Amino acid sequence: MTNTSAPNPGCPWRPHRPPLAPLPLLCLALLVFGCGSNVSSQTAGTATADTSVLGDAASSDDTAANGDMAGTDAAIDAGSPADAPVAVDTAVDAAAIGDSAGKADTAGSSKWQQVACGSTHSCGLRDDGTIGCWGAGKTVGEPMGMDHGQAMAPAGKFQALSVAPDDYNCAIGQDQTLTCWGLLLYFKDNALTTAAPSGELAAISASWHHACGMKTLPGAIVCWGLRSVFNPLPEGDFSQVSVGQDFACAIRAKDATVSCWGSFAVGVPPDPDAAFAAISAGPSQACGILAADQSLVCWGPTTDLGPVTPPTGPFSAVSTGGMFACGIRKDATLACWGKDLYTMGFLNAPTGKFKWVSAGAWHACAVRDDGTLACWGSNGYGRASPP
């Protein structure tokens with residue numbers, strides 16, 4: 001979930017306004033929400049996000065990957081600093097919703113294998129391959145509103161899922177074909193944007209202005225959306241990719257080093273030659289798990305709101321959200337760090353054992369070892385109330 005056309009320290013991904021913010025904070029809220037030209041995460045992500053999972057490797061939180069799964073960029077959630085006006089079709093692509101039009105969720109198993117958090121909504125992948133979504137977007141409403149069909153889960157069976165900050169989602173079917181639904185602002189073929197690729201995909205990470213994936217694992221990076229934020233693409237084969245806010249990062253297959261690119265200069269890891277086991281891109285930071293000792297490292301502009309200093313210890317998964325990040329320790333417990341703007345509690349991770357985590361803009365969700373979901377933080381629009 002997400003790249004930025006220009007560095008804008010101090011302006012986090014532009015998440016949707018939290019519900020019922022205290023009056024003294026409204027002026028600050030206007031400053032924060034005014035940073036982006038559009039409304040979106042993971043990161044994220046924010047979407048993407050997607051959860052970057054050690055070993056299984058694939059998404060943020062971040063490469064939602066075929067079979068191996070991993071990627072919550074995991075659902076990274078975010079926004080974009082002052083972009084120039086873009087002449088693109090702002091209509092919702094209703095055809096992408098397919099058979100599910102008019103439905104907020106597709107009934108299926110009560111057990112979950114993945115979850116991805118956006119800004120106003122969340123989606124999860126059940127054990128039986130069906131997708132369930134909750135929060136805003138259970139209908140298709142006004143273009144400037146919150147309802148773009150992003151919570152109208154498509155029918156069918158899927159193996160990977162990525163939720164973007166900009167109220168859309170992408171998923172890879174069990175036949176490896178791509179389905180995207182919601183507010184598909186930038187997925188058109190014209191001079192400024194490009195449509196999603198045809199054919200099979202093995203991994204996906206969706207964010208603010210564009211999404212990236214790989215047709216094979218490992219494989220070359222392919223991206224679509226707003227051309228100016230992702231061209232030129234790096235060459236070579238990669239094992240994971242995570243899209244942030246106007247930038248993206250990926251792990252090279254040959255030596256496990258990280259390459260980042262895009263119109264926002266997130267920089268390089270503190271040790272450019274270090275090997276990584278997982279990567280997750282956020283609004284203006286990225287976090288990863290080092291292959292050597294499974295410790296966390298985060299980098300990016302230190303003046304921004306965000307998860308710059310991670311906790312110590314070995315981790316198996318990481319997901320970078322709007323102003324915070326969460327990870328799963330080697331003992332399967334959760335840890336979250338960063339900025340808790342408005343004191344909404346998205347740093348207050350629940351106790352227990354978990355196998356998947358996704359950090360959004362104002363909330364986070366995780367899959368417990370028993371396949372049940374836990375969400376915390378702001379519950380505006382019902383984004384933290386899974387079915």
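Worth saying up front: this structure is predicted, and the values here are computed from it rather than measured.

**Let's talk about unusual backbone geometry**
In step 1: The residue after Leu217, namely Pro218, is reached through a cis peptide bond having omega -10°.
In step 2: Following the sequence through the fold, Pro218 ends up in the loop between β13 (210-214) and β14 (221-226).
In step 3: Residue Pro232 is reached from Asn231 by a cis peptide bond, and omega for that bond is -5°.
In step 4: Considering the arrangement of structural elements, one finds Pro232 in the loop between β14 and β15 (238-243).
In step 5: Look at Asp167: it is not a glycine, yet its phi comes out positive at around 60°.
In step 6: Residue placement: Asp167 occurs in the loop between β8 (158-163) and β9 (168-173).

**Re the nonpolar core**
In step 1: Judged by nonpolar contacts, the single largest core of 32 residues is most densely connected at Tyr168, Phe187, Ile221 and Trp224.
In step 2: Only β9, β10 (178-182), β12 (203-206), β13, β14, β15 and β16 (247-252) provide two or more residues apiece to this core.
In step 3: Here the element with the most residues in this core is β14; it accounts for 5 residues.
In step 4: By size, the runner-up hydrophobic cluster in this structure holds 20 residues, among which are Ile328, Cys336, Met344 and Ala374.

**Comments concerning the sheet that holds β9**
In step 1: Overall, antiparallel pairing links the 3 strands, which are arranged β8-β9-β10 in an open sheet. Whereas interior strands pair on both sides, the edge strands pair on one side only; in this sheet they are β8 and β10. Neighbour to neighbour, the strand axes of the sheet diverge by 20° on average, direction disregarded.
In step 2: Here β9 pairs with β10 via 5 bridges, running antiparallel. Within β10, the residue paired with Ile172 across the bridge is Leu178.

**A word on the packing of aromatic side chains**
In step 1: Within the structure shown, the criterion is met by 8 aromatic pairs.
In step 2: Summarising the aromatic geometry, the rings of Phe247 and Phe264 are spaced 6.0 Å apart at their centres and angled 40° between planes, so their arrangement reads as tilted. Taken together, the residues Phe247 in strand β16 and Phe264 in the loop between β17 (258-262) and β18 (276-281) connect sequence positions 17 residues apart.
In step 3: For Phe264, a relative accessible area of 4% gives the class buried.
In step 4: Ring centres of Phe324 and Phe346 lie 4.4 Å apart, and the angle between their planes is 20°; on these two criteria the pair is classed as stacked. Taken as a pair, Phe324 in strand β22 (residues 324-329) and Phe346 in the loop between β23 (334-338) and β24 (354-359) lie far apart in primary sequence, 22 residues in all.
In step 5: Taking relative accessible area as the criterion, Phe324 reaches 0% and is therefore assigned buried.
In step 6: You can call Phe346 buried: its relative accessible area is 0%.
In step 7: Among the aromatic residues, those joined into a ring-pair cluster are Tyr168, Phe187 and Trp224.

**A word on the sheet that holds β24**
In step 1: The sheet built from 3 strands is open, its strands ordered β24-β25-β26 with antiparallel pairing. What marks the edges here is a single partner per strand, and that holds for β24 and β26 (373-377). Looking at each pair of strands side by side, their axes are set apart by 15° on average, direction ignored.
In step 2: Here 5 bridges tie strand β25 (residues 363-368) to β26, and the two strands are oriented antiparallel to one another. Across the sheet, Ala364 pairs through a bridge with Trp376, a residue of β26.

Reading the values: rules and limits
- Residues numbered from 1 in each chain as written.
- Predicted model: local features only at pLDDT ≥ 70, side-chain atom pairs only at ≥ 80, totals over all residues.
- Heavy atoms only, no water.
- Helix = DSSP H or I, 4+ residues; strand = E, 2+ residues; numbered from the N terminus.
- Core = buried A, V, L, I, M, F, W, Y, C linked by side-chain atoms within 4.5 Å.
- Buried < 20%, exposed > 50% of the residue type's maximum accessible area, 1.4 Å probe, protein only.
- Pairing = 2+ DSSP bridges.
- Axes fitted to C-alpha atoms, helices over the stretch in contact; angles between N-to-C directions.
- Phe/Tyr/Trp six-rings, centres within 6.5 Å; stacked < 30°, edge-to-face > 60°.

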